[in-house]
Structure formats: structure tokens, C-alpha cells
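Spelled out from the first residue to the last, the chains are:
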Amino acid sequence: MILNAADAVSWAGSVILMVMLSSPRGAEAAFGIPEFLEMGKCAKVPLKENFDPVKYSGLWFDIESVPNEYQHTKKCVTQNYSWKDNYMNVATRGLTSEDKKVRQGAIMRVADSTNPNLAHMTVEAAGVPAAPYQIVSSDYRTYSCVYSCLEYFGFRAEFFWIFGRDPMLPAEKIRLCHRTFESLGVNYKKMVPIIQGEPCPYAEKLDQMLAENEEYLLKVLGPYHPTSSVPTPLPLTTPAPKPPASGAVEEELKEIKEIMTEEKKAVQELEQEILVITKERNLGKTDATQNNNNNNNNNNNNSNNNDMLGDDPNSATCASSSATLAIIVSLTALLQR
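Report on the accompanying structure. Worth saying up front: this structure is predicted, and the values here are computed from it rather than measured.

1. Things to note about the overall build of the protein
Along its length, the protein carries eight helices and ten strands. For the protein, buried positions account for 31% of its 337 residues. Nonlocal contacts in the protein, meaning residues at least 24 apart in sequence, comprise 58% of its contacts between residues at least 6 apart.

Following this line, the structure appears as C-alpha cells:
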């Protein structure tokens, strides 16, 4: 079988890669090939619609990324983007794994000049191959999810990042990028957190950096109005009881007054009856003779027994009167409220 030059290069590259990846020591140990190279194709990721590079410009902090031995900055990594008409200027700052300060510069250009989409650019930097930079999701103000991938003879070198305008990106924004990558079939678990904050050289001037960045964002984005995916619950309120209509109140008071008038009349009648019964009892005692003392004593005993047993009608009358008076007192108190 005779192979042309292109086929020969492709076949040879595939054989070499297969040998490297099947090495017991690993590709990197055997031939110095990085471990991030793996079999498979790059994901077809959607790009942010209506991407505006001017709004994207400014300071970003690396929050999470896939380890890459070709990237010298490992900690406290910042990216400062500046759009220049038809390309993006990138200034990268950070520390190496040995805490040495590193500064790197790069340029990003539109990947396809025939069908330009500013959310898909190519990074050009000294000493490394050109690589795609695809902005999958970003709100310009707080977070950005970026994907990059290169294919070689059936293998891929896949990278992705989460950037934040603040070195401490809220967890909900990080999860948003995780879910976005996962929905595209990209294993976000390959990313590792990037050290940011207090240990970094920029810590002393962080407030100034953020203030300058915010000043720029205010010019291109306007004031920041944070939004939350969880709606704020409304306070629970108990509706005030509706007051009864004035006509109903007057009618009720009229009925109460009529009842009180009737009750007062009934009490007066009862009092008259009690006076009559009392007078009759006193007259009966005065007219009794001494000869009937025993009979009177017996009658008194019987009367006492009847009182104890509750057979005296006067006792029932007094009880009824007391109950009536109690009703009147209650109604009077009600009217005075």
C-alpha cells in the first residue's frame, strides 16, 4: 500500500500516540507528553449570543481550571483583557508553583474571519501553539465559562476555565458553570481551584484593583443590580378584620337596650312579689297565739327543711332574680366598651 505524505504523517502520528498512551509509565513519563492528552473529539459547544468584547474587557481572576503544564502561572492568576478594534490584548499575571512572579502576554483574534463570531477567538502567545478560546456563558459582571480544545489524530487536548470579576466568586456562579459544562458532555471535575486572595501579591492593593475595574464596568454596563434565582418570599401578614357596617352596630345596640328595658321591668316585678311575700310571712308570725307555739315551731322546722331542700318558691325566685341581675351587669359592661 502506497501512502501519500499527508496520510503517512497522520498514520505515523497515530502510531506514536498509541505507543505513548499505552506505555506502563504513562505518556508523560515515557516521552514527555502531557497527561491531559486523551482519546476523543472536542465537544461542540454553543457560544454566547451577541457577545460584546468591550463589555468582556477588564480584570478577571482564574477561579478554576484544568491543570496545564504549559501554563506557567499556577496561583493568584489574573487576566486583564483589552479590546483593540479587531483583537483582544491579554495580560496575564500570577505565581509559579514555586511562588515566582510571572507575567505573560497574548493576543486573541477572531477564529474564523469568513464567519466571524467574537465569542470564538484564537489565543496567540509565544512558545505555545495557537489555541481556541470559546466563551460559552458570561454575564460580563461576575462570571465567565470558557472552553478550549484541540484535536490531534483522534486525540484531544481539552481545557476549560471559570473566571470571576472577584477573587472569591460566589458558589452559585461556580455551580452554574459546572452545570453548563456538564450539559455539554464536558467533565467539569477535571478542573481544580486556583489559589486566590490573601496569599497573593495583589492582596495589599486588591481594593484599588476592584475599584478601578468597577469604574470601567460602570461605564460599559451601568450600575450593578444583583439578581437571585431564588425569589424572596413575601412577608406573611394577617389581614385586619373588617369593621362591621355602622347600620349593623346601631341595630345591635337598639336590641341590647330593648332587652335591658325588659329585664329591668322583670326585676322590678320580682322585687314587688318578694316584698308582698315577706309582709305576709311577718303578719302570720305576729297573729299566732302562745298556745300554738309547738305548732309554730314545727311549722318553722318544716319551713327550714323546705328551704334546705330547695322547695321554697321564694328561693327559686331569688335565684332567678340573681341570674337576671348578672345578665344586666354583663350587658351594661358590653355597652360601655
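2. Some details on helix H5 (residues 206–221)
End to end, H5 covers 21 Å across 16 residues, agreeing with the expected 22 Å (1.5 Å per residue, within 8%). Turning to H5, its buried residues number three or more, namely Leu206, Met209, Asn213 and Leu217. Here the buried residues of H5 occupy an arc of 65° about the axis, which is enough to place them on one side. Relative to its buried face, H5 has exposed residues pointing more than 90 degrees away, namely Asp207 and Lys219. Its buried side turned inward, H5 meets helix H3 (53–56) and strand E2 (58–65).

3. Digging into the layout of surface pockets
Estimates place the volume of the second largest pocket at around 590 Å³. Thr78, Arg93, Tyr202, Lys205 and Met209 are, among the 20 residues lining the second largest pocket, the residues nearest its centre. At the level of elements, E2, strand E3 (75–83), strand E4 (87–95), strand E5 (101–110) and H5 are the ones that each hand at least two residues to the lining of the second largest pocket. Here the residues of the lining of the second largest pocket are counted per class, giving nine nonpolar, six polar and five charged.

4. Some remarks on a positive patch on the surface
A surface patch of like charges, here positive, comprises Arg93, Lys101, Arg103 and Lys205. Note that Lys101 resides in strand E5. With relative accessibility at 70%, the residue Lys101 sits in the exposed group.

5. Structural notes on the packing of aromatic side chains
Each aromatic ring pair is summarised here by two numbers: the centre-to-centre distance and the angle between the ring planes. Counting across every chain of the model gives ten aromatic pairs. Relative to Phe160, the ring of Tyr147 has its centre 6.3 Å away and its plane inclined at 10°; by these criteria the two rings are stacked. Of this pair, Tyr147 sits in strand E8 (residues 143–152) while Phe160 sits in strand E9 (residues 155–164), and the two are 13 residues apart along the sequence. Each member of the pair, Tyr147 as well as Phe160, is classed as buried. An aromatic cluster is built from Phe51, Tyr56, Trp60, Tyr81, Tyr133 and Tyr140, whose rings are joined through pairwise contacts.

6. With respect to the state of the cysteines
Tallied over the full model, the rule gives three disulfides. There is a disulfide in this structure between Cys76 and Cys200, and the S-S distance comes to 2.1 Å. On the S-S bond that ties Cys76 to Cys200, the torsion sits near -85°, and the link is left-handed. Within this pair, whereas Cys76 is found in strand E3, its partner Cys200 is found in the loop between strand E10 (192–193) and H5, the two being separated by 124 residues in sequence. Residue classification places Cys76 among the buried positions, given a relative accessible area of 5%. Note on Cys200: relative accessible area 5%, which makes it buried. The connectivity of the disulfide-linked cysteines in the protein, indexed sequentially, is 1-4, 2-6, 3-5.

7. Topic: the nonpolar core
The tendency in soluble globular proteins is for nonpolar side chains to be buried side by side. Membership of the largest hydrophobic core comes to 48 residues, with the highest contact counts inside it found for Tyr56, Tyr81, Tyr147 and Phe181. Of all the elements, E9 adds the most residues to this core, at seven residues.

8. Digging into a negative patch on the surface
A surface patch of like charges, here negative, comprises Glu251, Glu255, Glu258 and Glu262. Its location among the elements puts Glu251 in helix H6 (residues 246–287). Since its relative accessible area comes to 43%, Glu251 is described here as partly exposed.

9. Some details on the side chain of Ser57
Here Ser57 is to be found in the loop between H3 and E2. Among the residues examined, Ser57 registers a relative accessible area of 4% and is labelled buried. In this structure the side chain of Ser57 is engaged in a polar contact, spanning 2.8 Å, whose partner is the backbone oxygen of Pro53. Ignoring sequence-local partners within four residues, the contact set of Ser57 consists of Tyr81, Ser82, Trp83, Met88, Arg165, Tyr216 and Leu217.

Parameters and conventions
Going along each chain's sequence as written, the residues are numbered from 1 onward. pLDDT decides what is reported in this predicted model: residues at 70 or higher carry local features, side-chain atom pairs at 80 or more are listed and counted, and totals for whole chains, interfaces and linings draw on all residues regardless. The side-chain figures draw on all heavy atoms in the structure; neither hydrogens nor water molecules are used. Each helix is a run of H or I in the DSSP string that is no shorter than four residues. Each strand is a run of E no shorter than two, and both are numbered from the N terminus. Whether a residue is buried, partly exposed or exposed follows from its accessible area with a 1.4 Å probe, protein chains only, as a fraction of its type maximum: under 20%, in between, or over 50%, in that order. In what follows, a contact means two residues having at least one pair of non-hydrogen atoms within 4.5 Å. Here, expected helix span is obtained from the residue count minus one, scaled by 1.5 Å. This arc describes the spread of directions from the helix axis toward the C-beta atoms. A cavity here means a set of 1 Å grid points, computed over protein atoms only, where a 1.4 Å probe fits but cannot escape. A pocket is an open set with protein on both sides within 12 Å along at least 5 of 7 lines, and lining residues have an atom within 4 Å of a point. Grid points are joined across faces, edges and corners, and a volume is the space filled by probe spheres set on the points. The nonpolar class holds Ala, Val, Leu, Ile, Met, Phe, Trp, Tyr, Cys and Pro. Asp, Glu, Lys and Arg form the charged class, and all remaining residues, Gly among them, are polar. Without a salt bridge and with relative accessible area above 30%, a residue can belong to a patch; like charges are then joined within 9 Å and nonpolar side chains (Val, Leu, Ile, Met, Phe, Trp, Tyr) within 5 Å. Computed with a 1.4 Å probe, the accessible areas rest on the Shrake-Rupley method; for each residue, only the protein chains presented here act as cover. The salt bridge criterion pairs a side-chain nitrogen of Lys or Arg with a carboxyl oxygen of Asp or Glu, the two atoms within 4 Å. Only four residue types enter the charge count, namely Lys and Arg as positive and Asp and Glu as negative; His and the chain termini do not. Every charge is mapped to an atom, namely NZ of Lys, CZ of Arg, CG of Asp or CD of Glu. Think of it this way: a Phe, Tyr or Trp ring, Trp meaning its six-membered ring, pairs with another when their centres are within 6.5 Å, and the plane angle makes it stacked under 30 degrees, edge-to-face over 60, tilted otherwise. Note on terminology: pairs of cysteine sulfur atoms within 2.5 Å are recorded as disulfides. What is meant by a nonpolar core is a set of buried Ala, Val, Leu, Ile, Met, Phe, Trp, Tyr and Cys residues, joined one to another through side-chain atoms within 4.5 Å. For this analysis, a polar contact is any N or O atom pair within 3.5 Å, provided that within protein one partner can donate a hydrogen and the other can accept it, and provided that sequence-adjacent residues contribute only side-chain to side-chain pairs.

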